[in-house]
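Architecture and fold: a report
Residue-level listing of the chains:
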Amino acid sequence: MNKQDQPLIFELSKPGRIGYSLPELDVPDVILDDVIPSDYLREEEPELPEVSELDIMRHYTALSKRNHGVDSGFYPLGSCTMKYNPKINENVARYNGFAHIHPLQDESTVQGAMELMYDLQEHLKEITGMDEVTLQPAAGAHGEWTGLMMIRAYHEANNDTARTKVIVPDSAHGTNPASATVAGFETITVKSGEDGLVDLEDLRRVVGPDTAALMLTNPNTLGLFEENILEMTEIIHSAGGKVYYDGANLNAVLSKARPGDMGFDVVHLNLHKTFTGPHGGGGPGSGPVGVKEDLIPFLPKPVLVKTEEGYHFDYNRPQSIGRVKPFYGNFGINVRAYTYIRSMGPDGLKAVTENAVINANYMMRRLAPYFDLPYDKHCKHEFVLSGRRQKKLGVRTLDIAKRLLDFGYHPPTIYFPLNVEECMMIEPTETESKETLDDFIEAMIQIAKEAEENPEIVQEAPHTTVVSRLDETLAARKPVLRYQKQ
Ligand SMILES: *Cc1c(COP(=O)(O)O)cnc(C)c1O
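Each residue is numbered by its place in its chain's sequence as written, counting from 1. Only residues with pLDDT of at least 70 are given local features in this predicted model, and only at 80 or more are side-chain atom pairs given and counted; all residues enter the totals for whole chains, interfaces and linings. Hydrogens are left out, water is left out, and the side-chain values use all remaining heavy atoms of the structure.

What follows covers the pairing of strand β6 (residues 266-269). Here's how the labels work: a residue is buried when its accessible area is under 20% of the maximum for its type, exposed when over 50%, partly exposed in between, all with a 1.4 Å probe on protein chains only. Under the DSSP-based scheme used, a helix requires at least four consecutive residues in state H or I and a strand at least two consecutive residues in state E, with every element numbered from the N terminus. Residue alternation in β6 divides its side chains into two sets, V266 and H268 and V267 and L269, and both sets are buried. As paired strands, strand β5 (residues 242-247) and β6 are joined by four bridges and run parallel to one another. Pairing of D246 across the sheet is with H268, part of β6. When DSSP finds two or more bridges between a pair of strands, those strands are recorded as paired.

Moving on to the UniProt feature "domain: Glycine dehydrogenase C-terminal" (unreviewed entry) in the protein. Within this numbering scheme, the UniProt entry marks residues 353-454 as carrying the feature "domain: Glycine dehydrogenase C-terminal" (unreviewed entry). When the span residues 353-454 is considered, its composition is 48% helix and 10% strand, and the gap between its end C-alpha atoms is 39 Å. UniProt positions are given in the numbering used here, feature names are shortened, and annotations may be inferred rather than shown by experiment.

Moving on, we get to the environment of L373. By the element assignment, L373 lies in the loop between α11 (331-367) and β10 (383-386). Distance from L373 to R388, taken between C-alpha atoms, is 9.7 Å for residues 15 residues apart in sequence. Ignoring any residue separated from it by four or fewer positions in sequence, one finds L373 in contact with M364, R365, A368, V384 and L385. Contact definition: two residues touch when any of their heavy atoms are within 4.5 Å.

A few words on the pattern of salt bridges. Pairing between side chains becomes possible if they bear opposite charge and their charged atoms approach one another. Any Lys or Arg side-chain nitrogen found within 4 Å of a carboxyl oxygen on Asp or Glu counts as a salt bridge. Counted under the stated rule, the structure contains 30 salt bridges. R388 is the partner of D372 in a salt bridge, and the nearest nitrogen-oxygen pair spans 3.1 Å. Remark: R388 occurs in helix α12 (residues 388-391) and D372 occurs in the loop between α11 and β10; sequence separation between them is 16 residues.

Using a 1 Å grid laid over the protein atoms alone, points where a 1.4 Å probe fits but cannot get out form a cavity; open sets with protein on both sides within 12 Å along at least 5 of 7 lines form a pocket; any residue with an atom within 4 Å of a point counts as lining. Grid points are joined across faces, edges and corners, and a volume is the space filled by probe spheres set on the points. Within this structure, the stated rule accounts for three cavities of 30 Å³ or more. Taken as a whole, the largest cavity spans an internal volume of roughly 50 Å³. Lining the largest cavity are V70, T81, M82, K83, N85, H272, K273, T276, G277, P278 and H279. Of the residues belonging to the lining of the largest cavity, the class tally is three nonpolar, six polar and two charged. Throughout, the ten residues Ala, Val, Leu, Ile, Met, Phe, Trp, Tyr, Cys and Pro are labelled nonpolar, Asp, Glu, Lys and Arg are labelled charged, and all others, Gly among them, are labelled polar.

Glancing now at the sheet that holds strand β2 (residues 165-169). Strand-to-strand pairing in sheets goes through backbone hydrogen bonds, with the strands running parallel or antiparallel. Strands sit in the order β1-β7-β6-β5-β4-β2-β3 across an open sheet of seven strands; the sheet is mixed. With partners counted over all chains shown, the strands left at the sheet margins are β1 (132-134) and β3 (186-190), one partner each. The sheet shows a mean angle of 25° between the axes of neighbouring strands, taken without regard to direction. As paired strands, β2 and β3 are joined by five bridges and run parallel to one another. If you follow P169 over to β3, its bridge partner there is V190. Orientation is described by lines fitted to C-alpha atoms, with helices fitted over the stretch in contact, and by angles between N-to-C directions that extend from 0 to 180 degrees. On top of the sheet, helix α6 (residues 111-128) reaches β1 and β6; it is set at about 125° to β1, its chief contact.

In structure tokens:
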């Protein structure tokens, strides 16, 4: 352990020290060996640290200070929108009537919670222009899969079983082809043209009687609005396919344009992005899916309905694809999204889009002289830069990302989309001030200058973090290395 290192929790351990106090047992003690078959019992006690409550609180508090998060700093992740999580959302999600109910309670005792979910669905229908919405899916990718399973069920119900292919542009979010595969489809990639938009000629070439659907990420991962959507939906519909809108990043079009009006049959939203649910680190998400009329019979069941007697879960849905999530989705995230929508109101939601787009364009224009701008046109909520120029100086985009850590920033997504060399995908979001954007821009400009004048400082970054450059693969595959007692 060197001086700036925090001791491991195992190093703090003192035999016999405990961090809890429990009342005396007032029921008969149960000997584990009597109730659990010996095959399942461990032979040795687990090696757990023995520490006081203070030790463990301080340990985790110190670890949390090393972490990046939206509450500690700017986080321009790109596509995966890390934005402000309003604290009022947290207050409301903790109301007793929301936090302390049980999903197995009788419907008659949770009418308020059901009303909130129903009302949220109504708002999302209005926002997306779709005919019905389910709140069940737990994340964006889960929503994609749910939507595709509905499309599949729809084609099957029409005895249209030759539709085995899903068309996905190369500028789509990476989960799109993955979801298509998991839903049992074959993915066909369609190319983007020089302008970064789907190449309509290539689309016409791949579409056919085997097309089940087109999945369109809009704006695409280059941050560009797909300008030919009406042609695309027409091409797919006239071939008998359905059109799917990946609406994870709705903060680019919210209150300005609706997927339902553009001819889409299915859309998913990420409430944990656009609608301010806290996310990252694998926390709970919510990926509601909206559908048009002819897909309603296939919605996951139960479907939340409003009757004269009140709100009710309808299980009598013979064509449903079935349940996709225990209970009715991640309720806590849905409460937060509802609170956000209600506290913003229609004008607030419109301002979201305007600010998201202006922030991204401001940053893109200010950085353009220092990095390569592969698509020199207005962007939506995010944009991509290329580190081609720096690569010629021996500085890779990975080095730039690592150097940003020294300035206290979580770096943007890098090396995606794949068709842009040395790519950086930057999303400032609508919730950051001009001062915050300027600070980040200055850091990026300084790094660009360092790449010219003193490349080692970038190549060897980070210099100020607790650990220096990690083996990225090992760190992801083996995040916890076993502690070896000295
Ligand atoms: C984040 C994102 C997804 C996936 O959402 P998850 O909740 O991470 O599964 C899909 N599409 C787009 C465009 C996204 O930005």
